[in-house]
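Residue-level listing of the chains:
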Amino acid sequence: MSSAGTTLPGDPPGGRRAIAVWGVGVAVYFVAVIFRTSLGVAGLDAVERFHVGASALSTFSILQLLVYAGMQIPVGLLVDRLGTKKVLGIGVVLFTVGQLGFAFSPSYGTALASRALLGCGDALTFISVLRLGTRWFPARRGPLVAQLAGLAGMAGNLVSTLVIARLLHGIGWTAAFAGSALAGVVVLVLLLLFLKDHPEGHEPEPVPHRGAAYVRRQIAASWREPGTRLGLWVHFTTQFPAMVFLLLWGLPFLVEAQGLTRATAGELLTLVVLSNMVVGLVYGQIIARHHGARLPLALTTVGATAVLWAATLAYPAEHAPMWLLIVLCVVLGACGPASMIGFDFSRPANPPERQGTASGITNMGGFVASMTTLLAIGVLLDATGDDYTVAFSAVFVLQALGVSQILRLRRRAAKRERERLVASRVSSVHVPV
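Residues numbered from 1 in each chain as written. Predicted model: local features only at pLDDT ≥ 70, side-chain atom pairs only at ≥ 80, totals over all residues. Heavy atoms only, no water.

J.: Account for empty space enclosed by the protein, with residues named and values stated.
T.: As enumerated under the stated definition, the model contains two cavities of 30 Å³ or more in all. Approximately 330 Å³ is the volume attributed to the largest cavity. Contributing elements (two or more residues each) for the lining of the largest cavity: helix 1 (16–37), helix 8 (142–170), helix 11 (226–257), helix 12 (262–289), helix 15 (335–346) and helix 16 (355–384). A class-by-class count of the residues in the lining of the largest cavity yields 13 nonpolar, twelve polar and one charged. In this structure, the second largest cavity occupies an estimated 70 Å³ of space. As for the second largest cavity, its lining consists of I127, L130, R131, T134, F343, R347, Q355, G356 and S359. For the lining of the second largest cavity, the secondary-structure elements that each account for two or more residues are helix 7 (126–136) and helix 16. Per-element tally for the lining of the second largest cavity: the top contributor is helix 7, with four residues. Here the residues of the lining of the second largest cavity are counted per class, giving three nonpolar, four polar and two charged. (1 Å grid on protein atoms, 1.4 Å probe; cavity = no way out; pocket = protein on both sides within 12 Å on 5 of 7 lines; lining within 4 Å. Points joined across faces, edges and corners; volume = space filled by probe spheres on them. Helix = DSSP H or I, 4+ residues; strand = E, 2+ residues; numbered from the N terminus. Nonpolar A, V, L, I, M, F, W, Y, C, P; charged D, E, K, R; others polar.)

Structure representation (structure tokens):
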């Protein structure tokens, strides 16, 4: 592990060329997040369009996340074998077709199929962008590069809350979703013309096809690393409260439970995204300078989120005051950057040939938690007659589970990391400068 001012032997050089190429990959992820989160501002419209209830509405996002989470390990293996450009290219085609299909879906069933296809394409993007960053930038830039990638994703969420929401109410469902699909075509052209897997002179060792046994060994070796499992549980515990809020249930909660107008609710969703972007920059800088701050930042974010949710749900009046909702949304904005810390545990715990696989395992965490919570909230809303206080209490159950696993694994992961650091220092003595 390098310090803030050193470069490891064999590190990519970074620089303007790296920024330009990595920026193309980030643009793909940016568009994928726009498509992924577009349902979050269209939830109430979807209820009217497809004549469904809360449980059926949550199925849209659950299926999309189920596909996404289920593909993370296969995607990691694909990235390790095929490289970033091919995997990202397939992803763009799939999520663009999915968004276009959602625009023209005449029924609930075809809309579900379109969201599943979109989730499939979306699943191919983030792990690919993380790998692109490790191929083009020095290792010491890893935490900041990962946070910036996450920030770009939140910028895509911002486009959903500001642009797609207005298009829906201006030009209608079909035109809004079909028009947004054009962004997928644009980034596909950019990818084909400008993206490269790695800088010249930094080609990775070829990974031969070794069959299913090799794949199983890759997954097992990644899972055996305590850092990989700790990364998964950090991602699991930190990401889902904000994702559930932005992806589906935030707008209905603010409108139906808190009595806000759709415009005001949209502004609060935008605040979550803006907070995420600011906190992402801060967390990235802190972790790059103080590696030991990773776990305290993650646990502090979980604690603050739990306190603010409890205060909002238990407020002794029909509606929580606006100042409390604002503070809640600001704190929810820290969930995305905190989830990126999970990759700062799994990435150094695995050698380069397992980076994609380990990142895929880590990335499953938050999406499994989000999928579970989306389902729980939808079922509880239907069962309780839209009692949001009971439904959103599911958040605390998932947080408690995640924190218990983080505390169980933290010492084991820290010990293993110290062992790797000592080994790297010993080996660096023999590396010519």
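J.: Quick one: what's the story with the state of the cysteines, residue by residue and with numbers?
T.: The final tally for this structure, using the stated rule, is zero disulfides. Of all cysteine sulfurs, the one in C335 lies closest to C329, which takes part in no disulfide; the gap is 11 Å. Owing to a relative accessible area of 1%, C335 belongs among the buried residues under this scheme. (Disulfide = S-S within 2.5 Å. Buried < 20%, exposed > 50% of the residue type's maximum accessible area, 1.4 Å probe, protein only.)

J.: Outline helix 5 (residues 84–104), listing residues and values.
T.: Helix length check: helix 5, at 21 residues, gives a terminal C-alpha distance of 31 Å against a target of 30 Å (1.5 Å per residue), a fit within 8%. Residues T84, V87, L88, G89, G91, V92, F95, T96, G98, Q99, F102 and A103 constitute the buried set of helix 5. (Expected span 1.5 Å × (residues − 1).)

J.: Which residues make up the nonpolar core, and what values do they have?
T.: The biggest cluster of nonpolar side chains holds 132 residues, and the ones touching the most others in it are F60, F245, W249, F253, W309 and F392. Considering each element in turn, this core owes the most residues, 18 residues, to helix 11. (Core = buried A, V, L, I, M, F, W, Y, C linked by side-chain atoms within 4.5 Å.)

J.: Residue-level account of helix 14 (residues 322–332), with values.
T.: Those residues of helix 14 not exposed but buried are L324, L325, L328, C329, V331 and L332. Considered in projection along helix 14, the buried side chains sweep an arc of 165 degrees and stay on one side of the axis. (Arc of directions from axis to C-beta.)

J.: Give me the lowdown on the packing of helix 12 against helix 15, citing residues and values where you can.
T.: At a minimum axis separation of 8 Å, helix 12 and helix 15 run at an interaxial angle of 35 degrees. For the crossing formed where helix 12 meets helix 15, the hand is right-handed. Facing helix 12, whose interface residues are N276, V279, G280, Y283 and I287, helix 15 presents G336, P337, A338, I341 and D344. Taken together, the residues of the contact of helix 12 with helix 15 sort by class into six nonpolar, three polar and one charged. (Axes fitted to C-alpha atoms, helices over the stretch in contact; angles between N-to-C directions. Left-handed = near helix turned anticlockwise from the far one by under 90°. Contact = heavy atoms within 4.5 Å.)

J.: Kindly report on the side chain of Q72, identifying the contributing residues and their values.
T.: Among the structural elements, Q72 can be located in helix 4 (residues 72–82). Among the residues examined, Q72 registers a relative accessible area of 0% and is labelled buried. Of the polar contacts made by the side chain of Q72, one reaches the side chain of N363; its length is 2.8 Å. (Polar contact = N/O pair within 3.5 Å; in protein donor to acceptor, adjacent residues only side chain to side chain.)

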